[in-house]
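A closer look at the structure
Residues per chain, in single letters:
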Amino acid sequence: MRAAPILALLLLLPACREEVAEAPPPVAMTEAALSHFCQMNVAEHGGPKGQVHLEGMPDPLFFAQVRDLVAYLKSPERDAPITAVYVSDMALAASWALPGENNWTDAKTAFFVVYAGVAGGMGAPEIVPFAARDGAEAFVAQYGGEIHSLDDIPDHAAIGPVDLDSVLEQPS
């Protein structure tokens, strides 16, 4: 009689494993990648980029600015549940103008510099991601700002109005 409960538990284990789906890997940014909000070519704009993978969708949504990606994540309106979020690791970028095609890092573990006064690819103040804290600290030492985790980025840093008359720096 003891074998029946053990057998039942063993039969349930595979079902539990199926519920935990693996996150899809990041996709290389190509010339064909269009920004989700504006439908402009992502590669034509400098600064960090982002991609969001949605359940049941074969291709990620790309974002020309990480600020736009954060605004999307903070919005309640989505077509499907999110399965993965990746952002450019700007410590590996060749330059601000060339953020890289494959230097993605998981946004859940990234360090984000907010309020640095730098302009992203679309001209708005940017939220700058790094895979390691020391990269974010070096950026703050040069441009200012604050370091936050993805979940701790203040709403108004991504969703608030943009002062188009403010002077923002273009990092090298």
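So, how was this worked out
- Residue positions are counted from 1 within each chain, in the order its sequence is given.
- Local features in a predicted model are, by the rule used here, given only for residues with pLDDT of at least 70; side-chain atom pairs are given and counted only at 80 or more, and totals for whole chains, interfaces and linings are based on all residues.
- To get the side-chain values, all heavy atoms of the structure are used, and hydrogens and water are removed first.
- Exposure categories follow from relative accessible area, calculated using a 1.4 Å probe and restricted to protein chains: below 20% of the type maximum is buried, above 50% is exposed, and the middle band is partly exposed.
- Strands here mean DSSP runs of E at least two residues long; helices mean DSSP runs of H or I at least four residues long; both are numbered from the N terminus.
- Following DSSP output, two strands are said to pair if at least two bridges run between them.
- Axis angles are defined between N-to-C directions and span 0 to 180 degrees, where every axis is a line fitted to C-alpha atoms and, for a helix, only to the segment in contact.
- Here a residue-residue contact requires only that any non-hydrogen atoms of the pair lie within 4.5 Å.
- Cavity means a closed set of points on a 1 Å grid over the protein atoms alone, one where a 1.4 Å probe fits but cannot get out, pocket means an open set with protein on both sides within 12 Å along at least 5 of 7 lines, and lining means a residue has an atom within 4 Å of a point.
- Grid points are joined across faces, edges and corners, and a volume is the space filled by probe spheres set on the points.
- Each residue gets one of three labels, nonpolar for Ala, Val, Leu, Ile, Met, Phe, Trp, Tyr, Cys and Pro, charged for Asp, Glu, Lys and Arg, and polar for the others, Gly among them.

Here we look at the pairing of strand β3 (residues 82-88)
Counting buried positions over the seven residues of β3 gives five, a clear majority of the element. Sheet topology note: the strand β1 (residues 50-54)/β3 ladder contains five bridges and is antiparallel. Residue pairing for β3: Gln-51 is matched across the bridge by Tyr-86. In the sheet, β3 pairs with strand β4 (residues 104-106) via three bridges, with the strands oriented antiparallel. From the neighbouring strand, Val-87 faces β4, where its bridge partner is Thr-105.

Thoughts on the sheet that holds strand β2 (residues 61-63)
Within a sheet, adjacent strands bond to each other through the backbone by hydrogen bonds, running parallel or antiparallel. Sheet architecture is open: four strands sit in the order β2-β1-β3-β4, paired in antiparallel fashion. With one partner strand each, in any of the chains shown, β2 and β4 form the two edges of the open sheet. Across the sheet, the axes of successive neighbouring strands diverge by a mean angle of 25°, strand direction being ignored.

Topic: the environment of Gln-170
Along the chain, the position of Gln-170 falls in the segment after α4 (155-159). Setting aside anything within four residues of it in sequence, one finds Gln-170 in contact with Trp-96, Ala-119 and Gly-120.

Here's the deal with the pairing of β1
Counting buried positions over the five residues of β1 gives five, a clear majority of the element. A two-sided burial pattern is seen for β1, the buried positions comprising Gly-50, Val-52 and Leu-54 on one face and Gln-51 and His-53 on the other. Hairpin connection from β1 to β2: six residues lie between these consecutive antiparallel strands, with Gly-56 at a positive phi of about 80°.

Brief notes about the layout of surface pockets
There is about 190 Å³ of room inside the largest pocket. Within the residue set of the lining of the largest pocket, elements represented by two or more residues are β6 (128-130) and α3 (133-143). A total of five residues in the lining of the largest pocket trace back to one element, the largest contributor, which is α3. Residues of the lining of the largest pocket, tallied by class, amount to 10 nonpolar, four polar and no charged.

Without other data, these values stay purely geometric and don't point to any function.
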